[in-house]
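Structure at a glance
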Amino acid sequence: MLEVSKLSKNYGKTQAVKNVNFTVNAGEVAVLAGPNGAGKSTIIKSIAGLLKYEGKIEICGYDNKSIKGKSALGYIPELPSLFPLLTISEHLTLMAHAFNIKNHEKRAEELLKLFDLWDKKDKYGSDLSKGMQQKASICCALITEPKVLLVDEPMLGLDPKAIRNMKELLIKLKNEGVAIVVSTHLLDSVQELWDRILIMKNGEFVLSKARNEFNNEFKSLEEIFFEFTEE
Amino acid sequence: MKALIYLLKTSIINYLKRIKEKPQRSIGIIFTLIWVGVLLLPRKNSSKNDIPLTVCVSIFVILTLITFLFSLYSGTKKVKSKFSMSDVNLIFVSPIKPQTIMLYGIVKKIALEFFTSIYILLQITNVIKNLKITPMAQILFFISYIIFQLILCNCLKLFVFALCSKYKKVGFIIRSFIKSFILVLAALITFIVVKGDIKSFAVKFGETLTYNSLFKYIPLFGWMREIALQTITGVKSSYFVYIILITALSLLLIYITYSMKLDFYEDMLSSAEFNEDIKNVKNSKISSNNNKKGFILRPFKFKNSELNLKEKYGAKVLLFKHMDEYSKRSFIFFVNTYSLILLSISIVLGIFAKSMDIKIIFIIASGLLLFTSGFGGKIYNEIYNYFIFLLPDSPQKKLFYGIASSLIKIFSDAVILFVPFGILGRKSILEILLCIICYIVWGGMLSYSGLLTFRIAHALGFTGQFATAILFMIFQLLLAIPMVLIILIFTFLLKDFAGYAIYFAFLLYGVAAAALISLGCIGIFDHMELE
């Protein structure tokens, strides 16, 4: 579903990402973890088509920057940023139009009710609290019914109910065959979800392993993280 | 495309709806309309010196050339887009052609720059009022200017940017060409000046630019020359041809840029982040000084200076924290770039205008302080942060220590401004001292009044920086009126000391007003909501 091959990215003389390869299949959740400055955001933004890079990124067999590739991608950024002059429901209408989603109203209502935004659907982007913006941002990504979902720190700023809903939603999407990449520092929050762990350090993967490759040894994500990142 | 049209349409409709819901938001528009109205008011034509035709047309053509070269040059650097982070997060990742998004970006840029262009357009009105140009010609000229400045120049910038993205050497070639052109021009002008016949050269050059029949065939410059000439001498049918040609050139540049396969999102990221920060500062979500990129121009990186709070507790830490911040961004102590500018002015005036009364410098400096001291103090950064509100000390002490560093800065600037001039101009020591003291008192009063204005603005619901700034200007001007009256009264009453009346007036009024205003400021630390 998502194929990243020989991805490299330089910022001037600094090589932020060095020749990274990984695949996330349909119905898989890959957790991208690493210390600050490891290159996680660079990978996420490269997949989202926001950066120039070397290498190849394919979404459902299409180049990630092609129209078909973008049609299959959903992106939930770490820092939500909404249009100040659009209401929440207008944001969803905008995304539906942009992704050629017809009859989005029912899906929009479901999502807004799931994240307790239904009664706030006529609030403008500039009037929302950070948490509400984050929820609205999630709804904007999900209204497009993506095949590949990029999530950068999904639980940040959410209340406990929304965190629970988010986890359940990610499991639901996973079961529906969506390939999900989650970048997060809060490893506990994705303990139940993950199928593949990708640990980055200094622009490279120090570990890329599927859950079932751990040979029945029960280790938490946190334990795995420290094992591979501590010197 | 449909999504982007929906976005633009809905944003405009909701903007108007918002103004209806919260009329305070219209203060910016009302102020702009009043300002435009004042500029458009009919004025008495000063017919004593009509500007010669050749001068008008030559200046216009030269300005066209400068604008064109500037657009070329800035296109080789990173284009300053009007994209925001919401565009990045929602639109850039959508399955919309990058070229379509590029068009959307141009439309956004043109729309937002339109209002800043109005000021320039209205200055042109003032100039052409003297030339007895018909209203029709004025309107056509405005349209031509908008098409050239806003549309063509932005299209050109984007086209050059696209070329430079695709072909790395193009940017270097263009920049080198422009620099060489400027050097050659400078050398030529120097040669003519040295030869001694600059005036006759300028006249001949102006006449050639204005009347040479072949010049009109030069693309763009020739067309703009004809537009300027016909605006003054009389509009012919070819006027419209030139407007069409400029529009067509813009469209051609757009079409070529659209056809190029561009990957420009990354190049727009930094300007999108910057625009987001600007938006947050305008909406008072962050203070401009808090931004790590720094909106305030500084000539160098922060100096390494350690914050020393030994034996300092409570609200006193504010003073030493601010002093440390000043010292990190100054050359030495409180002497920063602004101080150096004041020093240069003081020395230049002391050498070339010795006989000027020091009072004039004092009045001008105080007038400037009317607008700069209000929001320039460190206390304005503090009230956007939790720190000062959580500080366990009395509001009076917080206010005192919060403003103290501004007073020290004002003192430092006063010494730099008045002492060199006073020494070079051999002014009396008493008068120099009075200038310094009154300047500090005045600055202190204005610091308090700025804080009070901030509190009043927020209480009235004006939370945006622009609205607060307008209220601040009005309030400061209102404060200045009683000062003027008191100066007049003192000058009349203190006949023998009439020369010092201004200082007594400043001292008396400044201290009394500062004391009164500070009482209104204390409540600002009760809570962050300021309502």
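The text that follows walks through the structure, step by step, so that each part is easy to find. (Residues numbered from 1 in each chain as written. Chains lettered and ligands numbered in written order. Predicted model: local features only at pLDDT ≥ 70, side-chain atom pairs only at ≥ 80, totals over all residues. Heavy atoms only, no water.)

Let's talk about the overall build of chain A
Looking only at helices and strands, one finds 7 helices and 10 strands in chain A. Considered along the principal axes of its C-alpha atoms, chain A spans approximately 50 × 35 × 30 Å. Buried residues in chain A amount to 57% of all 231 residues. Within chain A, contacts between residues separated by at least 24 positions form 67% of all contacts whose residues are at least 6 apart in sequence. Accessible surface, chain A: about 10,000 Å² in total, of which carbon and sulfur atoms supply 48%. Charge-centre separation for chain A: the mean point of 31 positive side chains lies 4 Å from the mean point of 31 negative side chains. (Helix = DSSP H or I, 4+ residues; strand = E, 2+ residues; numbered from the N terminus. Buried < 20%, exposed > 50% of the residue type's maximum accessible area, 1.4 Å probe, protein only. Contact = heavy atoms within 4.5 Å. Areas by Shrake-Rupley, 256 points an atom, 1.4 Å probe, with all protein chains shown as cover. Lys, Arg positive; Asp, Glu negative; His and termini not counted. Charge placed at Lys NZ, Arg CZ, Asp CG, Glu CD.)

Some details on the sheet that holds strand S6 (residues 73-76) of chain A
Residues and elements named next belong to chain A. The mixed open sheet is built from 6 strands, whose spatial order is S6-S7-S8-S3-S9-S10. A single partner strand is all that each edge strand has here, and the edge strands are S6 and strand S10 (204-210). Recorded for the sheet is a direction-independent mean angle of 15° between the axes of neighbouring strands. Summarising the sheet, S6 and strand S7 (residues 148-152) pair through 4 bridges and their orientation is parallel. (Pairing = 2+ DSSP bridges. Axes fitted to C-alpha atoms, helices over the stretch in contact; angles between N-to-C directions.)

Considering the nonpolar core
Judged by nonpolar contacts, the single largest core of 137 residues is most densely connected at Leu2, Phe22, Ile43 and Leu149 of chain A. Leaving out residues up to four positions away in the same chain, Phe22 of chain A has contacts with Leu2, Glu3, Val4, Ile43, Ile47, Leu198 and Phe205 of chain A. Ile410, Cys435, Leu479 and Ile522 of chain B belong to the second largest nonpolar core, which has 60 residues in total. (Core = buried A, V, L, I, M, F, W, Y, C linked by side-chain atoms within 4.5 Å.)

Points about the interface of chain A and chain B
Across the boundary between the two partners, chain A contributes 33 residues, which contact 34 residues of chain B. Summed over both partners, the interface of chain A with chain B buries about 3,100 Å², with 62% contributed by carbon and sulfur atoms. By the criterion of area lost to chain B, the three top residues of chain A are Leu50, Lys52 and Phe83 of chain A, representing 21% of everything that side buries. Counting across the chain A and chain B interface gives 4 salt bridges. In this structure, Asp263 of chain B engages Lys65 of chain A in a salt bridge whose closest nitrogen and oxygen atoms are separated by 2.5 Å. (Buried area = accessible area lost by both parts, 1.4 Å probe. Salt bridge = Lys/Arg side-chain N within 4 Å of Asp/Glu carboxyl O.)

Examining the sheet that holds strand S4 (residues 54-59) of chain A
In any sheet, the strands associate via hydrogen bonds between backbone groups, in a parallel or an antiparallel arrangement. Residues and elements named next belong to chain A. Spatially, the 4 strands line up as an open sheet ordered S2-S1-S4-S5, and their pairing is antiparallel. Where the open sheet ends on each side, the last strands, each with one partner, are strand S2 (14-24) and strand S5 (62-63). Two strands pair when backbone bridges link them, and strand S1 (residues 2-11) and S4 are joined in this way by 5 bridges, in the antiparallel orientation. Across the sheet, residue Ser5 finds its bridge partner in S4, namely Lys56.

Some details on the packing of aromatic side chains
Enumeration according to the criterion identifies 20 aromatic pairs over all chains in this entry. Ring geometry for Tyr500 of chain B and Tyr503 of chain B: centres 6.3 Å apart, planes at 45°, overall tilted. Judged by its relative accessible area of 24%, Tyr500 of chain B falls in the partly exposed class. Given a relative accessible area of 0%, Tyr503 of chain B falls into the buried group. Grouping aromatic residues by their ring pairs yields a cluster made of Phe362, Phe418, Tyr439, Trp442, Tyr500, Tyr503 and Phe506 of chain B. The ring of Tyr11 of chain A carries the charged tip of Lys9 of chain A above its face, separated from the ring centre by 5.0 Å. When the ring centre of Trp118 of chain A is taken as reference, the NZ or CZ atom of Lys121 of chain A above it lies at 4.9 Å. (Phe/Tyr/Trp six-rings, centres within 6.5 Å; stacked < 30°, edge-to-face > 60°. Lys NZ or Arg CZ within 6 Å of the ring centre and 35° of its normal.)

Thoughts on the packing of helix H3 (residues 88-98) of chain A against helix H1 (residues 2-21) of chain B
Direction vectors running N to C along H3 of chain A and H1 of chain B enclose 160°, while the axes themselves pass 8 Å from each other. As far as their axial angle goes, H1 of chain B and H3 of chain A are roughly antiparallel. H3 of chain A and H1 of chain B meet at a crossing whose hand is right-handed. For the pair H3 of chain A and H1 of chain B, the contacting residues are Glu90, Thr93, Leu94, His97 and Ala98 of chain A in the first and Lys2, Ala3, Tyr6, Leu7, Thr10 and Asn14 of chain B in the second. (Parallel < 35°, antiparallel > 145°, perpendicular 65-115°, else oblique. Left-handed = near helix turned anticlockwise from the far one by under 90°.)

So, helix H1 (residues 40-47) of chain A
Burial of H1 of chain A is extensive: 6 of the 8 residues sit out of reach of the surface. Within two residues after H1 of chain A, Gly49 of chain A carries a phi angle of roughly 85°, on the positive side.

Topic: the side chain of Asp267 of chain B
Considering the arrangement of structural elements, one finds Asp267 of chain B in helix H11 (residues 265-282). Here the side chain of Asp267 of chain B touches Lys52 of chain A through a polar contact of 2.8 Å, side chain to side chain. Beyond its immediate stretch of four places on either side in the chain, Asp267 of chain B contacts Lys52 of chain A together with Lys78, Phe161 and Ser165 of chain B. (Polar contact = N/O pair within 3.5 Å; in protein donor to acceptor, adjacent residues only side chain to side chain.)

As for the pairing of S10 of chain A
Each regular strand shows side chains that alternate between the opposite faces of the sheet. Residues and elements named next belong to chain A. The pairing of strand S9 (residues 196-201) with S10 spans 6 bridges and is classified as antiparallel. Paired with Ile199 across the strands is Leu207, a residue of S10. The antiparallel pairing of S9 with S10 creates a hairpin that spans 2 residues between the two strands, and Asn202 there sits at a positive phi of about 50°.

Here we look at the environment of Ile67 of chain A
Note that Ile67 of chain A resides in helix H2 (residues 67-71). Residues Ile67 of chain A and Asp127 of chain A, 60 residues apart in the sequence, show an inter-C-alpha distance of 32 Å. Not counting residues within four places of it along the chain, the set of residues in contact with Ile67 of chain A comprises Pro95, Ile96 and Lys97 of chain B.

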